[in-house]
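Take a look at the letters that make up each chain.
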Amino acid sequence: MAMSPIYLASASPRRSALLRQIFVPHEILIPNIDESALPDELAGDYVRRVARAKAERIWSRLKPEELRPVLAADTTVALGNEMFGKPHDRTSGVAMLQRLSGRTHQVYTAVAVRHENGTIDAVSISDVTFRNLSDDDCRAYWNSGEPHDKAGGYAVQGLAAAFITRIGGSYSGVMGLPLAETTQLLQAVGWSLQAALDE
């Protein structure tokens, strides 16, 4: 029997590609929520709250006959207690890279699944170390266009791989959807790898 697609509450092509990588059929719906951090909110709490809010926003828009699991995720980069979201412009994008240069930061990605019995979630935390970057490196990378819509102002799967000397944790989590945690959550609502492979 064919598995019904889940809903992916994200406009990110990277998250969609990661779901396809593990054979999860999905439809994309955009939640459009306020992703502002609360005062003094910690990175792990922030991504968990926002991922859950995205999933629940989509669920609330569905008609009874449309109800299927909704998967959402949220990612932020943190250096100590400072969170780095998506850069607003060239100045903020270059400044983010300069702050991350030669240091180890954390990438927090939360995954949430809303289903008929409520919302479940998990958070992945990975350590990423950058080599020392010159100002020219930072400016050239910004000018490539790649970092404009990325948390922390870089994409691990793109040109920024040239900056990274070490990753401790989940590579897919740094991309924006930790697949180990994602599969565990989906299995809890009835998805199975074997069934996906049998289709």
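Counting restarts for each chain: residues are numbered from 1 in the order of the written sequence. Residue-level local features of this predicted model are given only where pLDDT is at least 70; pairs of side-chain atoms are given and counted only at 80 or more, and the full residue set underlies all totals for whole chains, interfaces and linings. Note: side-chain values were computed over all heavy atoms of the structure, leaving out hydrogens and water.

A. Local environment of the packing of aromatic side chains. Side-chain rings of Phe, Tyr and Trp (the six-membered ring for Trp) are treated as a pair once their centres are within 6.5 Å; stacked means planes under 30 degrees apart, edge-to-face means over 60, and tilted covers the remaining angles. In the structure shown here, the tally under the stated rule is 3 aromatic pairs. With a centroid separation of 5.3 Å and 80° between ring planes, the pair formed by Tyr141 and Phe163 is classed as edge-to-face. Placement of the pair is Tyr141 in helix H4 (residues 135-143) and Phe163 in the loop between H4 and strand S7 (164-168), with a sequence separation of 22 residues. Grouping residues by exposure puts Tyr141 and Phe163 together as buried. An aromatic cluster is present here, built from Phe130, Tyr141, Tyr154 and Phe163 joined pairwise through their rings. In this description a helix means any DSSP run of H or I spanning at least four residues, a strand means any run of E spanning at least two, and both kinds are numbered starting from the N terminus. Any residue under 20% of the maximum accessible area for its type is buried, any over 50% is exposed, and the rest in between are partly exposed; the area is computed with a 1.4 Å probe on protein chains only.

B. Region of interest: a nonpolar patch on the surface. Nonpolar side chains collect at one region of the surface, where Phe23, Leu193 and Leu197 lie side by side and expose about 290 Å² of accessible area between them. Examined against the element boundaries, Phe23 turns out to sit in the loop between helix H1 (13-21) and strand S2 (26-29). Every patch collects residues that have over 30% relative accessible area and no salt bridge, joining them within 9 Å if they carry like charges and within 5 Å if they are nonpolar side chains (Val, Leu, Ile, Met, Phe, Trp, Tyr). Surface accessibility in these figures is a Shrake-Rupley result with a 1.4 Å probe; residues are shielded only by whichever protein chains are displayed. Throughout this description, the term salt bridge denotes a Lys or Arg side-chain nitrogen within 4 Å of a carboxyl oxygen of Asp or Glu.

C. Seen up close, helix H6 (residues 179-188). Of all the residues in H6, the buried ones are Leu179, Glu181, Thr182, Thr183, Leu185 and Leu186. Those residues of H6 that are buried lie in contact with strand S1 (6-9), H1, strand S3 (70-79), strand S5 (104-115), strand S6 (118-130) and helix H5 (171-175). A positive backbone phi angle near 110° is found at Gly190, which sits one or two residues after H6. In what follows, a contact means two residues having at least one pair of non-hydrogen atoms within 4.5 Å.

D. Structural context of the environment of Tyr108. Residue placement: Tyr108 occurs in strand S5. Exposure remark for Tyr108: the relative accessible area of 18% places this residue in the buried category. On a C-alpha basis, the gap between Tyr108 and Ile125 in space is 4.7 Å, while along the polypeptide they are 17 residues apart. Sequence-distant contacts of Tyr108, defined by excluding residues within four places in its chain, comprise Ala43, Gly44, Val47, Asp74, Thr75, Thr76, Ala78, Val123, Ser124 and Ile125.

E. Here's a closer look at helix H3 (residues 90-100). What H3 keeps buried is the set Gly93, Val94, Met96, Leu97 and Leu100. What you see down the axis of H3 is that its buried residues fit within an arc of 155°, all on one side. Summarising the contacts, the buried residues of H3 are in contact with S3, strand S4 (82-84), S5, S6 and H4. For H3, the N-terminal cap is Asp89; the gap from its side-chain oxygen to the backbone nitrogen of Thr91 is 3.3 Å. The arc in question is traced by the directions running from the helix axis to the C-beta atoms. Identification of polar contacts relies on pairs of N or O atoms within 3.5 Å, with a donor-acceptor requirement for protein atoms, meaning one able to donate a hydrogen and the other able to accept it, and with residues adjacent in sequence counted only if both atoms are side-chain atoms.

F. Structural context of unusual backbone geometry. One non-glycine residue, Phe23, adopts positive backbone phi at about 60°. Even without a glycine there, the phi angle at Asn32 is positive, about 50°. Summarising the element assignment, Asn32 is placed in the loop between S2 and helix H2 (43-61).

G. Spotlight on the pairing of S2. Strand pairing requires that DSSP identify at least two bridges connecting the strands. Bridge count for S1 against S2 is 4 bridges, and the pairing is parallel. In the sheet register, Ile6 faces S2, and the bridge partner there is His26. By the criterion used throughout, a crossover qualifies as right-handed when its path from the first strand across the helix to the second strand runs clockwise, the strands pointing away from the viewer. In this region the chain leaves S1, passes through H1 and returns to the parallel neighbour S2; the handedness of that crossover is right-handed.

H. The arrangement of the nonpolar core in detail. Residues enter a nonpolar core if they are buried and are Ala, Val, Leu, Ile, Met, Phe, Trp, Tyr or Cys, with the set joined through side-chain atoms within 4.5 Å. Ranked by size, the top nonpolar core spans 39 residues in total, and within it Leu71, Phe130, Tyr154 and Leu177 carry the most contacts. When neighbours within four sequence positions are excluded, Leu177 is seen to be in contact with Arg15, Leu18, Leu19, Leu71, Ala73, Thr109, Val111, Ser172 and Thr182. Counting 18 residues, the second-largest nonpolar core is a separate cluster that includes Ala43, Tyr46, Val50 and Ile58.

So yeah, pure geometry; function would need other evidence.
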